[in-house]
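Chain residues, written in single-letter form:
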Amino acid sequence: MQLPEYTDGILHLYKVKNDLSCDYPQEVLEDTGLDIWYREISVFDKLRYEFDQGGKEITMKIRIPRYKGVDSTCVCVIEDRQHLVFNAAHVLDKDGFLETELTLTKPEREMEL
């Protein structure tokens, strides 16, 4: 049995919120204050192809320690680039440790931090 290692980098987590203080609602990023270490995993050609057919570009697939506060309304900033959380799956690794697997896509537009 081996403990999972999250040594590929750190992501900073933001939540997408609707700002209703203007004449029309705007999506803005709300800083959660969380920095989370991650481990990058492989994106297989079949999955990349399926996303390409749907007009989405997968940028990364990563695993983080189990965190149920991340969902498809989140944006991860990794190395000054924004990645939209397309999917968050809560899984067990091969040794039974709880992890969250994130599929990250290129956002349609970058939002102001």
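Rules used in this analysis
- Residues numbered from 1 in each chain as written.
- Predicted model: local features only at pLDDT ≥ 70, side-chain atom pairs only at ≥ 80, totals over all residues.
- Heavy atoms only, no water.
- Helix = DSSP H or I, 4+ residues; strand = E, 2+ residues; numbered from the N terminus.
- Buried < 20%, exposed > 50% of the residue type's maximum accessible area, 1.4 Å probe, protein only.
- Pairing = 2+ DSSP bridges.
- Axes fitted to C-alpha atoms, helices over the stretch in contact; angles between N-to-C directions.
- Contact = heavy atoms within 4.5 Å.
- Core = buried A, V, L, I, M, F, W, Y, C linked by side-chain atoms within 4.5 Å.

## Regarding the overall build of the protein chain
Moving on, step 1. When its secondary structure is counted, the protein chain shows 1 helix and 6 strands.
Moving on, step 2. Mapped in sequence order, the helices and strands of the protein chain form the string β-β-α-β-β-β-β.
Moving on, step 3. Along the first, second and third principal axes, the C-alpha atoms of the protein chain reach 55 × 35 × 20 Å.
Moving on, step 4. When each of the 113 residues of the protein chain is scored for burial, the buried share is 34%.

## Observations concerning the sheet that holds strand S1 (residues 9-19)
Moving on, step 1. Ordered by their spatial adjacency, 6 strands build a closed barrel running S1-S2-S3-S6-S5-S4, and the pairing between neighbours is antiparallel. With direction set aside, neighbouring strand axes in the sheet form an average angle of 40°.
Moving on, step 2. Pairing of strand S3 (residues 58-65) with strand S6 (residues 98-105), which is carried by 7 bridges, proceeds in the antiparallel orientation. Directly across from lysine 61, in S6, lies its bridge partner threonine 103.

## A look at unusual backbone geometry
Comment: phi is negative for the bulk of residues other than glycine, and the bulk of peptide bonds are trans.
Moving on, step 1. Unlike most non-glycine residues, glutamate 79 shows phi in positive territory, near 50°.
Moving on, step 2. Considering the arrangement of structural elements, one finds glutamate 79 in the loop between strand S4 (74-78) and strand S5 (81-92).
Moving on, step 3. Taking the relative accessible area as the measure of exposure, glutamate 79 reaches 70% and is therefore exposed.

## Considerations on the environment of leucine 11
Moving on, step 1. Within the secondary structure, leucine 11 sits in strand S1.
Moving on, step 2. Aside from chain neighbours lying at most four places away, what touches leucine 11 is Leu34, Asp35, Ile36, Tyr38, Ile62, Ile64, Cys76, Val77 and Ile78.

## Considering the side chain of threonine 105
Moving on, step 1. Here threonine 105 shows up in strand S6.
Moving on, step 2. In this structure threonine 105 comes out as buried when scored by relative accessible area, which is 2%.
Moving on, step 3. Filtering out sequence-adjacent residues up to four positions away, threonine 105 remains in contact with Phe51, Glu57, Ile58, Thr59, His83, Leu84 and Phe86.

## Some remarks on the nonpolar core
Moving on, step 1. Within the largest apolar cluster, 14 residues are counted, with the highest numbers of intra-cluster contacts made by Leu11, Ile62, Ile64, Leu102 and Leu104.
Moving on, step 2. Of all hydrophobic cores here, the second largest spans 6 residues; its members include Tyr14, Val16, Val77 and Met111.

## Concerning the environment of tyrosine 49
Moving on, step 1. In this structure, tyrosine 49 sits in helix H1 (residues 45-53).
Moving on, step 2. Along the sequence, tyrosine 49 and glutamate 112 sit 63 residues apart, while their C-alpha atoms lie 30 Å from each other.

The values reported here are purely geometric and, on their own, carry no functional implication.
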